[in-house]
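# Structural features, examined
Residues per chain, in single letters:
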Number of protein chains: 6
Amino acid sequence: MRQRKAGRINRAFYIGRFQPYHLGHHTILGNIAGEVDEIIVGIGSAQRSHEPENPFTAGERVVMVSRSLKDLDIDYYVIPIEDIQRNAVWVSHVRSMTPYFDLTYTNNPLVFRLFEDAGVQVKRSPMHQRDVYSGTIIRKKMLSGEEWEHLVPDAVAETIDKIGGVKRIREIARDDVG
Amino acid sequence: MRQRKAGRINRAFYIGRFQPYHLGHHTILGNIAGEVDEIIVGIGSAQRSHEPENPFTAGERVVMVSRSLKDLDIDYYVIPIEDIQRNAVWVSHVRSMTPYFDLTYTNNPLVFRLFEDAGVQVKRSPMHQRDVYSGTIIRKKMLSGEEWEHLVPDAVAETIDKIGGVKRIREIARDDVG
Amino acid sequence: MRQRKAGRINRAFYIGRFQPYHLGHHTILGNIAGEVDEIIVGIGSAQRSHEPENPFTAGERVVMVSRSLKDLDIDYYVIPIEDIQRNAVWVSHVRSMTPYFDLTYTNNPLVFRLFEDAGVQVKRSPMHQRDVYSGTIIRKKMLSGEEWEHLVPDAVAETIDKIGGVKRIREIARDDVG
Amino acid sequence: MRQRKAGRINRAFYIGRFQPYHLGHHTILGNIAGEVDEIIVGIGSAQRSHEPENPFTAGERVVMVSRSLKDLDIDYYVIPIEDIQRNAVWVSHVRSMTPYFDLTYTNNPLVFRLFEDAGVQVKRSPMHQRDVYSGTIIRKKMLSGEEWEHLVPDAVAETIDKIGGVKRIREIARDDVG
Amino acid sequence: MRQRKAGRINRAFYIGRFQPYHLGHHTILGNIAGEVDEIIVGIGSAQRSHEPENPFTAGERVVMVSRSLKDLDIDYYVIPIEDIQRNAVWVSHVRSMTPYFDLTYTNNPLVFRLFEDAGVQVKRSPMHQRDVYSGTIIRKKMLSGEEWEHLVPDAVAETIDKIGGVKRIREIARDDVG
Amino acid sequence: MRQRKAGRINRAFYIGRFQPYHLGHHTILGNIAGEVDEIIVGIGSAQRSHEPENPFTAGERVVMVSRSLKDLDIDYYVIPIEDIQRNAVWVSHVRSMTPYFDLTYTNNPLVFRLFEDAGVQVKRSPMHQRDVYSGTIIRKKMLSGEEWEHLVPDAVAETIDKIGGVKRIREIARDDVG
């Protein structure tokens, strides 16, 4: 988090659920890293974990993202953002939890709209090869026993291995007795 | 909100999400206006906005309802009601946010049941031409570019136009990158 | 709520807890009424009631304010605003619950600061004879049996009388057995 | 809740939504009763009621379970557990609301995983004839007018009869006007 | 929880924070036990623990109350009640979490008022020797090392001993570094 | 956040409200830095800001802490932790939001107790010259116009200057009109 340049720091914000963080996200952040001084990565739906769609805790996702970002030559902040369930206040919520930023990158239409309405500059960041790099696809591969490690940075594969992430996804995916 | 008659004021409560307020609602409120002194209109799920099913904020819906009700010769209150996520306390929640009322009109079976259980008089208010006047249908027409303005009071069409409501619905309906 | 002038409506926002609404508030709103087309009155801490500092429900306060405002020749909205317990998102919360407004009047330093930070125009509205017109003083007089009716608009005194407000304040003020 | 044996009390925890409590649950608890000194029954999603999937209040479910458990010769606690919407803290939440327990029985994979992660001993308790004894099936039979009373303990059938449970389920299942 | 009499069960509700449950509470419940068939004891502020004013968890308080009530020849339910922070819905909240009851005993003026407003019969239950039997006094004695065990039922003293309650109170009372 | 050593990373957790981060905190973290591989700093009461006791947002505090920690030769994570208002689940909440850690340093007796109860190793970290380095004292100096900059790291003084922190503290400290 050293300040790269003299003068005002140019910070960009990027948010995702990162269930898990994959090479699609990593490519986008790599591109953003070329355009700004510092990146703030928001870990969305931070309070969720141990669900088929949200298997990993915010803390686990902080590790995945932080360790992967070390490969990029950029200073960064990784901040868990809990859901607030009110779209109209969501941008203020995000801003209160994060260092000041000038610019948001997103490909999510709602996030785009909310930041634009709030007067924050927003740029589109289309997901790289979205039919290949996708949290949904990766979680399915984990469930079915297919290879998935090549779709995420090495640091993510190591983290998931260490916490027994694949076993967790399989367990919580099983039918609930209700 | 002038008091129409001497003696005790006869107030009725009517609640909807009003996404948006349309002529089906307006016909019902017109009928109710003939039977009571004052109407309280509750704006349900007040905290929701910028969602495909709930595009408009409570404040925007307050404007739609208030401006439309001026056509009816009735005194009224328009009150946002946030969700409380516990059906068993919902009637108490509504009563705490609104002026005292004697009577509820609803066609929603759950609302009917909850008020009846709480000892409040409830009357059914069947939606007028429900296959024509429906929030779901109107939002679909907005999405697909069809005419929808004839399904809502003029004041609602003006309000939606002024806030860029159709553009908002289209933006947030686009696929989320996830 | 008729639109007073052709062209754009000039709306101001004013918020208070109104426990109860008194002539100090009424004087301020009378002054504001001379400067704008419509007033939005926010009923703060709407979810609180039956407490020594907050004896009246939001609905009761809506009645107090609405009936009093009829004396002023101004169109108005009266909107309960629940606490959100996060100052950094409070302005967004208020804006989502209310019709659009251009201007806030307040004498509360925090409210002043939060609106100013959010880029909303704010004007100071000093309380008229604050040592006389004060919710705290009025609640104390109710407790001790002194005259208080001359400190509030007639409609407020009638409303409090009708709901047994003085009895309520005395009951809940008694020592709690714990 | 008399202490059955000298020495340390051996308590087991079992949780369900019990919408309603049926003979499948009762068989499991009968088996558990043979293995421990005391049973703690958690009433899950306690804050939910008057929904098609969750028709009964926590209090009604407390009565169903408590009256049924009297047939088993075991001391028990019946505790409503409100949802906390954060899987990662759910076990701590349960433990804070209940007497200390050594052991959990469950057939729910998520509950199994969360307790295991928290270092609590967990045993699987497969539902007895799950295609016969099931809350979903019982609620469907109530809706369609079929016999359901033979699927629940007598005390449950009596409780549901007394509170008008079948009428409630039918009313809230009707289509919402929206 | 066997039904004592033929015909309708007469249930009373009594709520406290029980930090800890003491002989003052026990005397009141002994008196109530002579007047009704079943008692429902609500454990108030259930979500609080590990605070100087609220040292014990709801689960620990459930044990204190349940074990003490076995001495009284009465059927009972012990139900944790989480705070809902809205007085106007509190009675509905309590009723949703508890078996149906006809009557409340309380000496708390707010509880008295809220139940009376909700149309539930309420009777006053003055605390027996309130200057002797008091949670505040007992917690102070625990802090200062004085005798306190004679102020609570034996089962409560045993429970507090077993969970290391006095040590906990002393630890959390120490000055916070802030 | 580079991994300092081969083998398992030794991480410590330290939490504070950091209103603002000062040299007392910095001395403690400097000491901890000598004992572990990585530090996780939790920003407590993250959702609070713009209050006399909690003037700064979580995001502003993240900047204060992150920029100050760059002076220490240690890898670190800075994580906002929102209050959860339930002591019994607080440790689970913290763990879900943070990377895995083995050890907590604290001088707060409640934090000490909660972590110890949860089976996490805790060490005491007495505040260095607590009568000099204290958030309360620093906020008072800001209010009264005394020198305070020498009590915080340079990066903190710069951050507070940049966001107009002293002006904010003075504004929100003024008496509320109520």
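Rules used throughout
- Residues numbered from 1 in each chain as written.
- Chains lettered and ligands numbered in written order.
- Predicted model: local features only at pLDDT ≥ 70, side-chain atom pairs only at ≥ 80, totals over all residues.
- Heavy atoms only, no water.
- Helix = DSSP H or I, 4+ residues; strand = E, 2+ residues; numbered from the N terminus.
- Rg over C-alpha atoms; globule rule 2.2 N^0.38 Å.
- Contact = heavy atoms within 4.5 Å.
- Areas by Shrake-Rupley, 256 points an atom, 1.4 Å probe, with all protein chains shown as cover.
- Lys, Arg positive; Asp, Glu negative; His and termini not counted.
- Charge placed at Lys NZ, Arg CZ, Asp CG, Glu CD.
- Buried area = accessible area lost by both parts, 1.4 Å probe.
- Salt bridge = Lys/Arg side-chain N within 4 Å of Asp/Glu carboxyl O.
- Polar contact = N/O pair within 3.5 Å; in protein donor to acceptor, adjacent residues only side chain to side chain.
- Nonpolar A, V, L, I, M, F, W, Y, C, P; charged D, E, K, R; others polar.
- Least-squares fit on C-alpha atoms with pLDDT ≥ 70 in both.
- Phe/Tyr/Trp six-rings, centres within 6.5 Å; stacked < 30°, edge-to-face > 60°.
- Buried < 20%, exposed > 50% of the residue type's maximum accessible area, 1.4 Å probe, protein only.
- Expected span 1.5 Å × (residues − 1).
- Pairing = 2+ DSSP bridges.
- Axes fitted to C-alpha atoms, helices over the stretch in contact; angles between N-to-C directions.
- Right-handed = clockwise from strand over helix to strand, strands pointing away.
- pLDDT = per-residue confidence, 0-100.

Helix and strand content of chain A: seven helices and five strands. Reading chain A from its N end, one meets helices and strands in the order β-α-β-α-β-α-β-α-β-α-α-α. Relative to a compact globule of 178 residues, whose C-alpha radius of gyration would be 16 Å, chain A shows 16 Å and is just as compact. Summarising its shape, the C-alpha atoms of chain A cover approximately 55 × 35 × 25 Å along the three principal directions. Once local pairs closer than 6 in sequence are excluded, the contacts in chain A between residues at least 24 apart make up 67%. Just so you have it, chain A exposes about 7000 Å², and 46% of that area is on carbon and sulfur atoms. In chain A, which carries 24 positive and 24 negative side-chain charges, the distance between the mean positions of the two groups comes to 3 Å.

All right, on to the interface of chain F and chain A then. The partner chain A presents 25 residues to the 25 residues of chain F that form the contact. For the pair chain F and chain A, the summed buried area comes to about 2000 Å², and 63% of that belongs to carbon and sulfur atoms. At the junction of chain F with chain A, the criterion picks out zero salt bridges. In this assembly, chain F and chain A are joined by four residue pairs in polar contact (both at pLDDT 80 or more). Mapped by element, the contributors of at least two residues to the side of chain F that touches chain A are helix 2 (58-69), strand 3 (75-80) and helix 3 (87-97) of chain F. At six residues, helix 2 of chain F tops the list of elements feeding residues into the side of chain F that touches chain A. Among the residues making up the side of chain F that touches chain A, the classes are represented as 12 nonpolar, eight polar and five charged.

Moving on, we come to the relation of the copies chain D and chain E. Superposition of chain D onto chain E requires a rotation of 180° combined with a translation of 0.0 Å along the rotation axis, giving an RMSD of 0.0 Å. Taken together, the turn and the small shift mark the pair as related by a two-fold rotation axis. Among all residues of chain D, the minimum C-alpha distance to the rotation axis is found for D:Ile79, at 3.1 Å. With an isologous cut-off of 70% or more, the 100% of interface residues of chain D that recur at the interface of chain E puts this contact in the isologous class.

Applying the stated rule across the entire model yields 36 aromatic pairs over all chains. Consider the rings of B:Trp90 and B:Phe115, whose centres lie 5.8 Å apart with planes at 75°: the pair is edge-to-face. Here B:Phe115 lies in helix 4 (residues 109-117) and B:Trp90 lies in helix 3 (residues 87-97), a separation of 25 residues in the sequence. Of the two residues examined, B:Trp90 and B:Phe115, each falls in the buried class. Connected via pairs of aromatic rings, a cluster forms that spans A:Phe13, A:Trp90, A:Phe101 and A:Phe115.

All right, on to the pattern of salt bridges then. Evaluated as defined, the whole model comprises 72 salt bridges over all chains. B:Arg48 serves as the salt-bridge partner of B:Asp83, at 3.8 Å between the closest nitrogen and oxygen. Residue B:Asp83 is found in the loop between strand 3 (75-80) and helix 3, and its partner B:Arg48 is found in the loop between strand 2 (38-43) and helix 2 (58-69); the two are separated by 35 residues along the sequence. The class of B:Asp83 is partly exposed, set by a relative accessible area of 28%. Shared partners join several salt bridges into a network, and the residues in it are A:Arg113, A:Asp117, B:Lys167 and B:Glu171.

Turning to the relation of the copies chain F and chain A, a few remarks are in order. Relative to chain A, chain F is turned by 180° and slid 0.0 Å along the rotation axis, the superposed coordinates differing by an RMSD of 0.0 Å. Interface residue correspondence from chain F to chain A reaches 100%, placing this contact among same-surface, isologous pairings.

Let us now look at unusual backbone geometry. In the segment running from C:Gln19 into C:Pro20, the intervening peptide bond is cis, with an omega of 0°. Within the secondary structure, C:Pro20 sits in the loop between strand 1 (11-16) and helix 1 (23-33). A positive phi is found at A:Phe18, a non-glycine position, where the angle reads about 55°. In this fold, A:Phe18 is placed in the loop between strand 1 (11-16) and helix 1 (23-33). Even without a glycine there, the phi angle at F:Gln85 is positive, about 60°.

Between chain D and chain E, the contact holds 25 residues from the first and 25 residues from the second. Here chain D and chain E share an interface that buries about 1900 Å² over both sides, 63% of which is from carbon and sulfur atoms. Linking chain D to chain E there are zero salt bridges. Run the count over chain D and chain E and you get four residue pairs in polar contact (both at pLDDT 80 or more). Counting only elements with at least two residues in the side of chain D that touches chain E, the list comes to helix 2 (58-69), strand 3 (75-80) and helix 3 (87-97) of chain D. Here the side of chain D that touches chain E gets six residues from one element, more than from any other, and that element is helix 2 of chain D. Residue classes in the side of chain D that touches chain E are distributed as 12 nonpolar, eight polar and five charged.

The periodicity of an α-helix, 3.6 residues per turn, causes residues three or four positions apart to be oriented the same way. Spanning 12 residues, helix 2 (residues 58-69) of chain A covers 16 Å between terminal C-alpha atoms, matching the ideal 16 Å at 1.5 Å per step. Within helix 2 of chain A the residues assigned to the buried category are A:Ala58, A:Gly59, A:Glu60, A:Arg61, A:Val62, A:Val63, A:Met64, A:Val65, A:Ser66, A:Ser68 and A:Leu69.

Attention now moves to the side chain of A:Thr159. Within the fold, A:Thr159 resides in helix 6 (residues 154-162). What A:Thr159 contacts, discounting residues up to four positions off in sequence, is A:Glu60, A:Val63, A:Met64 and A:Arg67.

This paragraph deals with the sheet that holds strand 4 (residues 103-106) of chain E. All names here are of chain E. Spatial ordering of the open sheet is given by 3-2-1-4-5, a layout of five strands whose pairing is parallel. Unpaired on one side and paired on the other, strand 3 (75-80) and strand 5 (121-124) mark the two borders of the sheet. This sheet shows a mean twist of 25° between the axes of neighbouring strands, independent of strand direction. Summarising the sheet, strand 1 (residues 11-16) and strand 4 pair through two bridges and their orientation is parallel. Bridge pairing in strand 4 places Ala12 opposite Leu103.

This brings us to helix 1 of chain C. Of the positions making up helix 1 of chain C, those classed as buried are C:Gly24, C:His25, C:His26, C:Ile28, C:Leu29, C:Ile32 and C:Ala33. Of the surrounding secondary structure, the elements contacted by the buried residues of helix 1 of chain C are strand 1, strand 2 (38-43), helix 2 (58-69) and strand 4 (103-106) of chain C.

Consecutive side chains along a regular strand alternate between the two faces of the sheet. All names here are of chain E. Residues of strand 4 alternate between two faces, with Leu103 and Tyr105 on one and Thr104 and Thr106 on the opposite face, all of them buried. Pairing geometry for strand 4 and strand 5, over four bridges, is parallel. Within strand 5, the position partnered with Tyr105 by the bridge is Lys123. Following the chain from strand 4 across helix 4 (residues 109-117) to the adjacent parallel strand 5, one finds a crossover that is right-handed.

Residues and elements named next belong to chain A. The five strands are arranged 3-2-1-4-5 in an open sheet whose pairing can be described as parallel. Since the sheet does not close on itself, it has two edges, and those belong to strand 3 (75-80) and strand 5 (121-124), each with one partner. Strand-to-strand twist across the sheet, computed as the mean angle between neighbouring axes with direction ignored, equals 25°. Packing of helix 1 onto the sheet brings it into contact with strand 1, strand 2 (38-43) and strand 4 (103-106), and relative to strand 1 it is tilted by some 170°. Strands in contact with helix 4 (residues 109-117) are strand 1, strand 4 and strand 5; relative to strand 5, the strand with the most contacts, it is inclined by about 155°.

Residue and element names in this part refer to chain A. Model confidence for chain A is summarised by a mean pLDDT of 92, while 94% of its residues fall at 70 or above. Every residue in residues 1-5 is under pLDDT 50, and counting partners more than four places away or in other chains gives 23 contacts. Model confidence for the complex: the whole-complex pTM is 0.94, and ipTM, which rates the interface, is 0.93.

Residue and element names in this part refer to chain D. As for its position among the elements, Thr106 is in strand 4 (residues 103-106). Separated by 3.1 Å, the side chain of Thr106 and the backbone nitrogen of Asn108 make a polar contact. Apart from the residues lying within four places of it in its own chain, the contact partners of Thr106 are Val111, Phe112, Val122, Lys123, Arg124 and Ser125.

Moving on to the environment of A:Asp161. Residues and elements named next belong to chain A. Among the structural elements, Asp161 can be located in helix 6. Residue classification places Asp161 among the exposed residues on the basis of a relative accessible area of 64%. Separated by 12 residues in sequence, Asp161 and Glu149 place their C-alpha atoms 9.9 Å apart.

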